[in-house]
Amino acid sequence: MLHVALSVLGLALLALAFIAAALYLVQFRELKAKRFGQVFQVFPPLERLDLLNRSALVVGFPALTLGVLLAVGYAVRFTGGFRVDPAQVVWGLFTWAVLGAAVWLRVGRRWTGRRAAVLSIAGFGAVLLVYLALKITTPGTERFL
Amino acid sequence: MSLTVTLVGVNHRTAPLDVRERFAHGAHEVPGALRRVLEAGASGGVLLSTCNRTEFYLSGASDATTDAVWALLDGRLGDGRPARGYGYLRRDRDAVRQVYRVAAGLDSMILGESQIQGQVRDAWELSRGLAGPVLHRLFQSALLVGARVRSETALGRGAASAPAAAVALAGKIFGDLQGREALILGAGDMAELAAACLVDAGVRVTLVANRTPERARAVADRLGGGAAAQSLDDAWEHFAVADIVIASTAAPHAVVTWARIAPAVARRGGRPLCVLDLAVPRDVEPAVGQLENVFLYDLDDLQAVAGQASAERRAEIPRAEQIVDEEVEHFWAWHDTLAVVPVLKEFRGRMEAVRTAELERVFKQLQHLSPEDRDRLERFSESLLNKFLHEPTLALKREAEAGDGYLLVEALRKLFHLEHGE
């Protein structure tokens with residue numbers, strides 16, 4: 001069951017990173033455009049959103065990775081292997097690569113601010129897209145992600 | 001003893017700055033000025049003097065006392081103009097309402113500002129030895145009213161002045177300002193004021209750059225935190241590290257140009273930079289605001305933020321005034337009970353005298369009583385008197401709190417030929 005907990009935690013943190021990034025972009029736009037309305041007053045400060053996004057991404061990505069790896073391990077050990085559409089594996093790896101790249105750029109290359117927010121949104125968008133695509137094309141296999 | 005509350009004062013609504021400046025009393029002048037006024041006849045006084053107001057609160061003041069205040073202010077004006085023309089006189093409930101409104105920030109130039117709360121406290125403390133019980137209670141309650149208005153309404157919320165708006169804008173970019181580094185360009189008053197507000201919020205000023213290094217040095221010393229002073233030309237490099245830049249040079253054209261700072265900003269690695277241009281004409285080229293992660297604001301923007309907060313604060317005025325009204329009635333109820341105290345005291349004294357006289361008489365007639373019996377009789381007389389007086393005393397206090405104490409005091413005075421309460 002650990003793989004489920006880790007995967008859910010990972011996805012939740014990625015969703016949080018996505019929300020923080022979206023709020024960041026909106027607040028950024030308002031501040032740049034010198035609009036001091038409701039968004040300016042109610043939304044959190046930019047740096048705080050940036051930090052939240054970074055933390056969620058940096059913890060969420062390894063959690064999800066570990067969760068998926070454990071799931072694969074369990075599948076191999078207890079059911080004697082499993083059958084998946086190679087397309088699923090390819091798309092899964094693609095998503096993982098996008099998220100991994102996002103984490104690497106944030107941590108390794110110290111990306112911050114707007115491009116980091118865009119990156120994070122792209123990463124979460126990829127997860128969401130692949131999840132939905134798999135759900136539509138081959139129902140019942142989405143647990144793989 | 002007269003228990004009236006009188007206010008003689010001048011504020012930013014009634015007098016121009018050059019007049020208010022002359023009326024302003026430094027902390028060391030307050031006790032002397034108060035003593036001079038109290039000599040004309042008053043039981044207590046508190047002097048509240050800030051750059052926006054000079055107000056004498058007096059208890060038990062007569063016309064001679066208020067005249068003494070005007071004479072003192074005439075003297076400070078010093079050019080033959082009568083100070084009376086710039087001021088106002090309020091009595092009792094209106095005087096109480098005024099100090100409550102002042103403490104709440106309702107009478108401030110910047111509506112709802114909180115500095116006045118500290119100034120009211122200081123005035124009370126400076127005048128403590130001369131305040132007397134009524135004003136002591138009045139100022140104590142004024143501080144509570146100020147705190148109540150700030151916690152129960154949004155009168156103190158938002159950044160309602162340009163320097164406060166500068167702090168609010170920086171806060172929306174960086175969140176916590178603690179330990180952030182600021183660079184000051186120019187040594188204008190506005191820049192120093194805004195920088196001082198940022199320093200209060202935890203920002204460290206690392207560098208002050210000015211055309212004349214001596215002025216830069218002076219500003220840096222006043223802001224503290226070990227800020228360095230430099231000429232303007234050496235400042236551009238610091239755009240790579242500072243978090244906040246405040247510009248207010250006296251230059252006739254933009255000195256902070258895209259070409260001068262873009263190379264340094266590029267080395268920031270995407271970290272945001274907040275540039276506050278407080279100069280008129282502006283110091284920063286608009287193109288600077290196009291740089292990624294540079295947030296550029298000028299004086300108009302700060303005023304827009306402040307204006308918005310002011311509008312929101314104005315909407316809170318009715319609720320704040322309602323709290324003030326409630327508290328004025330509250331204070332006045334206490335004040336009314338104060339008026340019955342001397343009458344009650346005298347009434348009690350009179351009864352006590354009767355008791356001891358009658359006891360003496362009984363003891364003379366009953367010489368055979370043992371000391372224990374005399375003691376018992378003495379205690380009996382005391383308890384009898386207390387029981388007789390208990391209900392009337394409570395009734396008087398109750399009526400006084402409800403504001404109708406006057407009738408009963410008058411009745412008591414007539415029935416027992418008391419002197420007080422006239």
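Remember, predicted model here, so these are calculated numbers, not experimental data. (Residues numbered from 1 in each chain as written. Chains lettered and ligands numbered in written order. Predicted model: local features only at pLDDT ≥ 70, side-chain atom pairs only at ≥ 80, totals over all residues.)

Peer 1: So what exactly am I meant to see when it comes to the overall build of chain A here?
Peer 2: A tally of helices and strands in chain A yields five helices and zero strands. The linear arrangement of helices and strands in chain A, starting from the amino end, is α-α-α-α-α. Across chain A, the fraction of contacts at a sequence separation of at least 24, relative to all contacts at a separation of at least 6, is 77%. (Helix = DSSP H or I, 4+ residues; strand = E, 2+ residues; numbered from the N terminus. Contact = placed C-beta atoms within 7 Å.)

Peer 1: Would you explain the sheet that holds strand β2 (residues 44–49) of chain B in this entry?
Peer 2: Note on sheets: strands pair through backbone hydrogen bonds, and any given pair is parallel or antiparallel. All names here are of chain B. As summarised here, the arrangement of the four strands in space is β2-β3-β1-β4, forming an open sheet in which the pairing is antiparallel. Two strands close off the open sheet at either side, each with one partner strand: β2 and β4 (88–91). Across the sheet, the mean angle separating the axes of adjacent strands is 15° when strand polarity is ignored. Relative to strand β3 (residues 53–59), strand β1 (residues 5–11) is paired through seven bridges, and the arrangement is antiparallel. Bridging across to β3, Asn 11 finds its partner in Arg 53. Where helix α2 (residues 30–38) meets the sheet, it contacts β2 and β3, and its direction lies at approximately 140° from that of β2. Across the face of the sheet, helix α3 (residues 63–77) comes into contact with β1, β3 and β4 while running at roughly 20° to β1. (Pairing = 2+ DSSP bridges. Axes fitted to C-alpha atoms, helices over the stretch in contact; angles between N-to-C directions.)

Peer 1: Help me understand the interface of chain B and chain A, please; the structure alone is not making it clear to me.
Peer 2: Frequently, the measure chosen for interface size is the accessible area removed from exposure when the parts meet. In this complex, chain B contributes 17 residues to the contact, which on the side of chain A involves 15 residues. Every element with two or more residues in the side of chain B that touches chain A is listed here: α7 (162–174), β10 (294–298) and α11 (299–314) of chain B. Residue composition of the side of chain B that touches chain A, grouped by class: seven nonpolar, six polar and four charged. (Nonpolar A, V, L, I, M, F, W, Y, C, P; charged D, E, K, R; others polar.)

Peer 1: What exactly am I supposed to notice about the packing of helix α1 (residues 2–32) of chain A against helix α5 (residues 113–137) of chain A here?
Peer 2: Helix packing geometry: the angle between the two helix axes and the distance between the axes. Residues and elements named next belong to chain A. Packing of α1 against α5 brings their axes to within 8 Å, and their N-to-C directions diverge by 140°. Taken as axis vectors, α1 and α5 run oblique relative to one another. For the pair α1 and α5, the crossing hand works out as left-handed. Where α1 approaches α5, its residues Leu 14, Ala 15, Ala 17, Phe 18, Ala 21, Ala 22, Tyr 24, Leu 25 and Phe 28 are matched on the opposing element by Arg 114, Ala 117, Ser 120, Ile 121, Phe 124 and Val 127. Taken together, the residues that form the contact of α1 with α5 break down as 13 nonpolar, one polar and one charged. (Parallel < 35°, antiparallel > 145°, perpendicular 65-115°, else oblique. Left-handed = near helix turned anticlockwise from the far one by under 90°.)

Peer 1: Explain the nonpolar core to me, please; I cannot follow it from the model alone.
Peer 2: For soluble globular proteins, nonpolar side chains are generally found buried alongside one another. Counting residues in each nonpolar core, the largest one holds 94 residues, and the members touching the most others are Ala 166, Leu 198, Val 208, Val 245, Ile 246 and Val 275 of chain B. The next biggest cluster of nonpolar side chains, apart from the first, holds 49 residues, and it includes Val 69, Tyr 100, Leu 138 and Val 149 of chain B. (Core = buried A, V, L, I, M, F, W, Y, C linked by C-beta atoms within 7 Å. Buried ≥ 20, exposed ≤ 12 C-beta atoms within 10 Å, placed from the backbone.)

Peer 1: Looking at this structure, how should I read the sheet that holds β10 of chain B?
Peer 2: All names here are of chain B. With respect to topology, six strands assemble into an open sheet ordered β7-β6-β5-β8-β9-β10, the strand pairing being parallel. Where the open sheet ends on each side, the last strands, each with one partner, are β7 (228–230) and β10. Each neighbouring strand pair of the sheet contributes to a mean axis angle of 20°, computed without reference to strand direction. Packed on one face of the sheet, helix α9 (residues 213–223) meets β5 (181–185), β6 (204–209) and β7 and runs near 160° to β7.

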